[in-house]
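# Architecture at a glance
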Amino acid sequence: MPELPEAETMARELMAKTRGWLIAEVLVNFPPIVASDFRDFTDLLKGREILKVGRVGKWIHFGLEGDHDLLVHLKMTGQFHFDAWPGAKGVWPAHCHAAFRLTNPKSPNEERTLFYKDTRKFGRLRAFGPGELEPFLTSLNLGPDALTATHLEYHQRLSSRKGKLKAVLLDQSVLAGFGNIYADETLLAAKLSPIREAKTLSLEEASVLKEEAREILTKAIECRGSTVSSYQAPEGAGSYQDHHKAYGQAGQPCPFCEKPLKKTSVGGRTTVYCPFCQK
Ligand SMILES: [Zn+2]
């Protein structure tokens, strides 16, 4: 599932390839992926220039001219890539469910098609007219971004929740951006146990957690994310999986004490940790 570094990578690469381009045509071949009003979806997007592409937590946001927006939740396997417009023949690349034909106003003969691809089909696309995005984002109740939140925010938000530290870290209303990979990596680096109660976290421990999270997420963005199963950014696979020390490493030596890392389940999610080093 794409987490903060994967969503950030996608947003950056989409920005580089689509900013300033116009959405000339929109096709959807699997209507359930559109979570906003399907009848309005094409009308809200068609003919609009893409002004910017960014990330909100693990969501991808396209800011369009005239205060219109496209927001995409990638869920398990959502991704974007460029290919040829399906056209009249209707030939779609495998597992692609929405197509956006883009034209370059500075070079009228140039066009490219952006596809939304989603093997599991759990991702969702939403189009917004003027003034509609903000209320929707508010309704998501996302916590501060995991990359930019301060150590005080880490402490206040984590220590005020009931539940195991790992489960609370995965709650997007506490901090936005963590998923299973970067929660395990960050907790091991910070030497904090995933199974302790979040409310026992001290300010000093929260500062260490925040600092390790910043380092790991920044490095993962430099590596263009982790490709462990299906994730691909528009420019291809990421490489941070080569740096994983916890995720998928059960039985491997702990980087601190060299005893084998243990696998358990926290809140229904597979969790790898060192019972000796993570307090
Ligand atoms: Zn250890």
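One can find the structure itself at the top, above this paragraph.
I will try to describe carefully the structure that is included in this document. The structure presented is a predicted model; accordingly, all values stated were derived computationally and were not measured. (Residues numbered from 1 in each chain as written. Predicted model: local features only at pLDDT ≥ 70, side-chain atom pairs only at ≥ 80, totals over all residues. Heavy atoms only, no water.)

### Describing the pairing of strand E7 (residues 111-118)
Note the threshold: When DSSP finds two or more bridges between a pair of strands, those strands are recorded as paired. Think of it this way: any DSSP run of H or I at least four residues long counts as a helix, any run of E at least two long counts as a strand, and we number them from the N terminus.
Strand direction decides the pairing type here: strand E5 (residues 78-83) and E7, joined by six bridges, are antiparallel. Residue pairing in the sheet places His-81 in a bridge with Phe-115 of E7. Across seven bridges, strand E6 (residues 96-103) lies against E7 in antiparallel orientation. Across the sheet, the residue bridging to Thr-103 is Glu-111, located in E7.

### Digging into the coordination of the zinc ion
Rule in force here: Each metal's donors are the N, O and S atoms found within 2.8 Å of it, except that Na, K and Ca use a 3.2 Å limit; water is left out, so coordination can look incomplete. A 1.4 Å probe rolled over the protein chains alone gives each residue an accessible area, and that area as a share of the maximum for its type sets the label: buried under 20%, exposed over 50%, partly exposed in between.
Ligation of the zinc ion by protein atoms is provided by Cys-254 (SG), Cys-257 (SG), Cys-274 (SG) and Cys-277 (SG), these donors lying 2.2 to 2.4 Å from the ion. Mapped onto the sequence, the donors of the zinc ion take the spacing C-x2-C-x16-C-x2-C. In this pair, Cys-257 sits in the loop between helix H7 (203-222) and strand E9 (262-266) while Cys-277 sits in the segment after strand E10 (269-273), placing the two residues 20 residues apart along the sequence. The class for Cys-257 is partly exposed, based on a relative accessible area of 27%.

### Some details on the sheet that holds strand E2 (residues 50-56)
The pairing of strands in a sheet happens through backbone hydrogen bonds and is either parallel or antiparallel. Cut-off, in case you're wondering: All axes here are fitted lines through C-alpha atoms, helices being fitted over the stretch that makes contact, and every angle between N-to-C directions spans 0 to 180 degrees.
Read from one edge of the open sheet, four strands run E2-E3-E4-E8, paired in antiparallel fashion. For this open sheet the edge positions go to E2 and strand E8 (124-128), each flanked by a neighbour on one side alone. For this sheet, the mean angle separating the axes of adjacent strands, direction not counted, is 15°. As paired elements, strand E3 (residues 59-64) and strand E4 (residues 68-73) share six bridges and run antiparallel to each other. Each residue of the ladder has a partner; that of Leu-64, found in E4, is His-68.

### Let's talk about helix H3 (residues 133-140)
The line we're drawing: Directions pointing from the helix axis toward each C-beta atom define the arc. Contacts between residues were defined by any pair of non-hydrogen atoms, one from each residue, lying within 4.5 Å.
Taken as a whole, H3 has its buried residues at Leu-133, Phe-136 and Leu-137. The buried side chains of H3 occupy one side of the element, clustering within an arc of 100° when seen end-on. Among the exposed residues of H3, those pointing more than 90 degrees away from its buried face are Glu-134, Thr-138 and Ser-139. The elements touched by buried residues of H3 are E2, E3, E4 and E8. Downstream of H3 by a residue or two, Asn-141 has a phi angle that is positive, lying close to 55°.

Any link to function would need more than the numbers given here.
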